[in-house]
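As a plain string of letters, each chain reads:
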Amino acid sequence: MKLGVICDGISRDLRHAVNVMDEFGLDYAELQFVGDTEVGDHTAAEVRDIDALLRDRGKPVSCLSRHIFAGMSAENRAGDALHTRHMDALKRVIEMAHVVGAPLVRIMTQRKEQILWGHNGAEKWNVAHGVWDSMPPLIAPAVELARAEGVTLVVETGNGTLVNSNYTARKLIDALDARDALKVLWDPGNNCWCHEVAYPDGYAEVKDGYLGHVHIKDVLVDTPRATLEVRKMGEGQLGPLFPQIAAALRADGYEGVVSFESVFHPGNGDFEAGFRQCIAHFKEVFGD
């Protein structure tokens, strides 16, 4: 496995983030925000500067992670104004991917509805009818663009999105017949909210050619109280499962990147301090 970090979890100052990556021996840079700008919105000159910095420091880009399609709803349709804005942003991110050599571009999915399928009465009273079927037509143009541009999209299992489990991510990919161009960005911390057990259940959904990228953080969810707590790595509900996840990835020959997502702080808002408290355990579990 290759180890990396989502750089703005350390700092939006990319040079500083790279210095910290060197300090801890992390090789792969995932870019989301650089400075105050989300990927896809940098000028051509800024993209060249980002590329030059990373290449000079020997930090390949694992993924460009913009929030493509986030915030859309079942009311949106392919080609409407909001979808067009997201597609235009995706085109800009892919242009950046070509410059910086990023093999993966992240997309998200539209806002979550809680119950998508049901039986024995639930299909009448509880299901959000038509919501799931509205999603593949929104994502299909992105898949076609990725094929044409020679990049791979990864759909994140996100909090608050229709794809919030490995089960739903795989179901989307199968609906689009898109295993060649769309993979799963597995964030088991996010999947905790919908109570998909990361291992073995979640992993089993994606291990056979669906997995493209991994985000790692530790959390404690309290769904009835609508509360999420990010925990120091190893001290949340995923702590006991991380070694099993890492062992399965090794055993199955996963060759992608595992990106540490530094969204923990020790109560003071200092995310770099949170990173420093977690990174040794991350490397111990997922490193060689």
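Structure: see above.
Residues numbered from 1 in each chain as written. Predicted model: local features only at pLDDT ≥ 70, side-chain atom pairs only at ≥ 80, totals over all residues. Heavy atoms only, no water.

Another aspect to go through is the layout of surface pockets. The computed volume of the largest pocket comes to approximately 270 Å³. What lines the largest pocket is a set of 16 residues, and nearest its centre among them are Gln32, His67, Arg106, Glu261 and Val263. Residues belonging to the lining of the largest pocket are distributed by class as follows: four nonpolar, eight polar and four charged. By volume, the second largest pocket amounts to about 230 Å³. For the lining of the second largest pocket, the residue count by class is five nonpolar, seven polar and two charged. (1 Å grid on protein atoms, 1.4 Å probe; cavity = no way out; pocket = protein on both sides within 12 Å on 5 of 7 lines; lining within 4 Å. Points joined across faces, edges and corners; volume = space filled by probe spheres on them. Nonpolar A, V, L, I, M, F, W, Y, C, P; charged D, E, K, R; others polar.)

Counting through the fold element by element, isoleucine 216 comes out in strand E9 (residues 211–216). Sequence spacing of isoleucine 216 and serine 165 is 51 residues, and the spatial spacing of their C-alpha atoms is 15 Å. Apart from the residues within four sequence positions on either side, isoleucine 216 is in contact with Pro188, Met233, Phe242, Val258, Ser259, Phe260, Glu261, Phe282 and Phe286. (Helix = DSSP H or I, 4+ residues; strand = E, 2+ residues; numbered from the N terminus. Contact = heavy atoms within 4.5 Å.)

Further remarks concern empty space enclosed by the protein. Per the stated rule, a full pass over the model turns up one cavity of 30 Å³ or more. Taken as a whole, the largest cavity holds about 40 Å³ of empty space. Contributing to the lining of the largest cavity are Lys217, Asp218, Val230, Arg231, Met233, Phe260, Glu261, Val263, Phe264 and Cys278. Here the lining of the largest cavity is built from residues that sort into six nonpolar, no polar and four charged.

Our next topic: the pairing of strand E7 (residues 152–156). Counted residue by residue, E7 has five buried out of five residues, so it is predominantly covered. A two-sided burial pattern is seen for E7, the buried positions comprising Thr152, Val154 and Glu156 on one face and Leu153 and Val155 on the other. Note that strand E6 (residues 104–107) and E7 share four bridges and pair parallel. Across the sheet, isoleucine 107 pairs through a bridge with valine 155, a residue of E7. As defined by bridge partners, E7 adjoins strand E8 (residues 182–186) across four bridges and the pair is classed as parallel. (Buried < 20%, exposed > 50% of the residue type's maximum accessible area, 1.4 Å probe, protein only. Pairing = 2+ DSSP bridges.)

We now examine the packing of aromatic side chains. The final tally for this structure, using the stated rule, is nine aromatic pairs. Judged by centre distance (6.0 Å) and plane angle (70°), the ring pair of phenylalanine 242 and phenylalanine 286 falls under edge-to-face. Of this pair, phenylalanine 242 sits in helix H9 (residues 242–251) while phenylalanine 286 sits in helix H10 (residues 271–286), and the two are 44 residues apart along the sequence. Residue classification places phenylalanine 286 among the buried residues on the basis of a relative accessible area of 0%. Ring pairing ties together the aromatic residues Phe24, Phe242, Phe260, Phe275, Phe282 and Phe286, which thus form one cluster. Lying across the ring of tyrosine 210, arginine 179 places its NZ or CZ 4.4 Å from the centre. (Phe/Tyr/Trp six-rings, centres within 6.5 Å; stacked < 30°, edge-to-face > 60°. Lys NZ or Arg CZ within 6 Å of the ring centre and 35° of its normal.)

With that settled, consider the pairing of strand E11 (residues 227–231). Here strand E10 (residues 218–222) pairs with E11 via five bridges, running antiparallel. The residue of E11 that forms the bridge with aspartate 218 is arginine 231. A loop of four residues connects E10 with E11, the two strands running antiparallel in sequence, and alanine 226 in this loop sits at a positive phi of about 50°.

Turning to the sheet that holds E7, a few remarks are in order. Strand order around the closed barrel formed by eight strands is E1-E2-E5-E6-E7-E8-E9-E12, with parallel pairing between neighbours. Averaged over all pairs of adjacent strands, the angle between strand axes in this sheet comes to 30°, irrespective of strand direction. Both strand E1 (residues 2–6) and strand E2 (residues 28–31) contribute to a ladder of three bridges, which runs parallel. Within E2, the position partnered with valine 5 by the bridge is alanine 29. (Axes fitted to C-alpha atoms, helices over the stretch in contact; angles between N-to-C directions.)

In this structure, Leu31, Leu64, Leu90, Leu182, Phe282 and Phe286 are the most contacted members of the largest nonpolar core, which totals 88 residues. Of the residues forming this core, the biggest block, nine residues, is contributed by helix H5 (residues 131–149). Residues in contact with leucine 90, not counting those within four places in the same chain, are Ile68, Val105, Ile107, Ala142, Leu145 and Leu153. (Core = buried A, V, L, I, M, F, W, Y, C linked by side-chain atoms within 4.5 Å.)

Along the chain, serine 65 turns up in strand E5 (residues 61–65). What makes serine 65 buried here is its relative accessible area of 1%. Of note is the side chain of serine 65, whose polar atom sits 2.6 Å from the side chain of glutamate 30. (Polar contact = N/O pair within 3.5 Å; in protein donor to acceptor, adjacent residues only side chain to side chain.)

At a closest axis distance of 8 Å, the pairing of helix H6 (residues 166–176) and helix H8 (residues 198–206) adopts a crossing angle of 10°. With respect to their mutual orientation, H6 and H8 come out roughly parallel. Contact with H6, carried on its side by Asn166, Tyr167 and Arg170, involves Gly202, Tyr203, Ala204, Glu205 and Val206 of H8 and no other residues of that element. Partitioning the contact of H6 with H8 into residue classes produces four nonpolar, two polar and two charged. (Parallel < 35°, antiparallel > 145°, perpendicular 65-115°, else oblique.)

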